[in-house]
Amino acid sequence: MYRRKFAKETQNMNIIITDDYEQMSARAAEIAVRIVTENPNAVLGLATGTTPLGLYKRLIADRAQNGTDYSAVRTVNLDEYMGLPKTHEQSYAYFMRKNLFDALGIAPENTNIEDGTATDEQAECARYDATLEKLPRDFQLLGLGSNGHIAFNEPNTPFGSTTHVVTLADSTVKDNSRLFSQISEVPRKAFTMGLKSIMQAKKILVLASGANKADAVFGMVRGEVTESLPASVLQLHPDCTLIVDKAAASKL
Ligand code: F6R
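Every value quoted in this text rests on a predicted model; they were computed, and no experiment measured them. (Residues numbered from 1 in each chain as written. Predicted model: local features only at pLDDT ≥ 70, side-chain atom pairs only at ≥ 80, totals over all residues. Heavy atoms only, no water.)

Visitor: I would appreciate a short explanation of the site of the ligand in the present structure.
Guide: In the neighbourhood of the ligand, 14 residues make up the surrounding shell, with T51, D79, H149, A151 and K213 lying closest. The separation between an oxygen atom of the ligand and a polar side-chain atom of T48 is 2.8 Å. Between an oxygen atom of the ligand and a main-chain N or O atom of A151, the distance comes to 2.7 Å. Contact with the protein chains removes 93% of the 410 Å² of surface that the ligand exposes when unbound. (Near = heavy atom within 4 Å. Polar contact = N/O pair within 3.5 Å; in protein donor to acceptor, adjacent residues only side chain to side chain. Areas by Shrake-Rupley, 256 points an atom, 1.4 Å probe, with all protein chains shown as cover.)

Visitor: Help me out: how do you make sense of the pairing of strand β11 (residues 240-245) in this one?
Guide: Within β11, 6 of the 6 residues are buried, leaving the element largely enclosed by the surrounding structure. Where burial is concerned, the two faces of β11 agree: the one with C240, L242 and V244 and the one with T241, I243 and D245 are both buried. As paired strands, strand β2 (residues 14-18) and β11 are joined by 5 bridges and run parallel to one another. Counted as the bridge partner of N14 is T241 from β11. Strand direction decides the pairing type here: strand β10 (residues 204-208) and β11, joined by 5 bridges, are parallel. By the bridge assignment, L207 is partnered in β11 with I243. Following the backbone out of β10, through helix α7 (residues 214-222) and into the adjacent parallel β11, one traces a crossover that is right-handed. (Buried < 20%, exposed > 50% of the residue type's maximum accessible area, 1.4 Å probe, protein only. Helix = DSSP H or I, 4+ residues; strand = E, 2+ residues; numbered from the N terminus. Pairing = 2+ DSSP bridges. Right-handed = clockwise from strand over helix to strand, strands pointing away.)

Visitor: Sorry if this is basic, but what is going on with the nonpolar core here?
Guide: Burial of nonpolar side chains together is a common tendency in soluble globular proteins. In this structure, L59 and L234 are the most contacted members of the largest nonpolar core, which totals 63 residues. The element contributing the most residues to this core is helix α1 (residues 21-38), with 8 residues. Leaving out residues up to four positions away in the same chain, L59 has contacts with A29, A32, V33, Y70, L100 and L104. Judged by nonpolar contacts, the second largest core, of 10 residues, contains Y92, F152, V166 and F180. (Core = buried A, V, L, I, M, F, W, Y, C linked by side-chain atoms within 4.5 Å. Contact = heavy atoms within 4.5 Å.)

Visitor: How should I be thinking about the environment of A126 in this particular structure?
Guide: As for its placement among the helices and strands, A126 is situated in helix α4 (residues 121-134). It is 22 Å that separates the C-alpha atoms of A126 and N156, two residues lying 30 residues apart in sequence.

Visitor: So what exactly am I meant to see when it comes to α1 here?
Guide: It helps to recall that an α-helix has 3.6 residues per turn; residues three or four apart then point in one direction. Here α1 is 18 residues long and its end C-alpha atoms lie 26 Å apart, about the 26 Å a rise of 1.5 Å per residue gives. Within α1 the residues assigned to the buried category are M24, S25, R27, A28, A29, I31, A32, V33, I35 and V36. You can read the cap of α1 off the contacts: a side-chain oxygen lies 3.3 Å from the backbone nitrogen of E22, and it is on D20. (Expected span 1.5 Å × (residues − 1).)

Visitor: I tried to follow unusual backbone geometry on my own but got confused; where do I start?
Guide: Of all residues except glycine, most have a negative phi; of all peptide bonds, most are trans. You will see that A151, though not glycine, has its phi angle at about 50 degrees, which is positive. Checked against the element boundaries, A151 lands in the loop between β7 (139-142) and β8 (164-167). Take A151: its relative accessible area is 7%, and that puts it in the buried class.

Visitor: Explain the packing of helix α2 (residues 53-66) against helix α3 (residues 92-104) to me, please; I cannot follow it from the model alone.
Guide: Describing two packed helices takes the angle between their axes plus the distance from one axis to the other. Contact geometry for α2 and α3: axes closest at 9 Å, N-to-C directions at 20 degrees. Taken together, the axes of α2 and α3 lie roughly parallel to each other. When the axes of α2 and α3 are compared, the crossing they make is left-handed. Only F95, M96, N99, L100, A103 and L104 of α3 make contact with α2, whose side of the interface consists of L53, Y56, L59, I60 and R63. (Axes fitted to C-alpha atoms, helices over the stretch in contact; angles between N-to-C directions. Parallel < 35°, antiparallel > 145°, perpendicular 65-115°, else oblique. Left-handed = near helix turned anticlockwise from the far one by under 90°.)

Here's what the structure looks like:
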């Protein structure tokens, strides 16, 4: 495992390259546990998807072993599929409860996510923006889409965006179809936190693993800062760490 600082291309991004997914997850867990230990009232911005599962397993194991206390932590999630109630197994609300919140003892009232069943889209986006405003994040965890998206901010989303409704890119629907029994079941629309809101977090941690993320990682770290690769905006964040395994770092 080694660290790199890309002085010219990314003045602020701290990059940690690990041998594999497990090492990436372990390193991420150290960072997350430290944040909660130092500030038991921390507001954590969290992500779903396959990438953070190893980190989440480690947080659960750490709590069992060391008793790290999450009872005063509040969470805000990035995104939610439209049309899925929080009881639906593919909803992100369900994912978080099953893979993290229940096991860490985080009460439902301390968690926040967009309501996939909201019928007034604009009102739901405004409600979520107000929630984000009330809960400034100490930490924001991000996965990375193979097309460079963060949250569900697909290519060409304005950097100034706040919570909004998106039509998912075909590549995202295809990437995410592995978690559904058929591709036709993947919702085409979602609520997502916007790029401006993501950038407001005090500290950002991006995780990326696997060769299918290598182009997006390259663009995020070395490419120009452009709305056509949403993750490139993170080059402008003053405290952003990327933990990436060798396969995902292969084009750096
Ligand atoms: C999830 C999210 C997405 C994922 C990204 C990577 O809440 O906002 O941006 O982080 O699509 O997904 P995985 O980790 O499944 O490769």
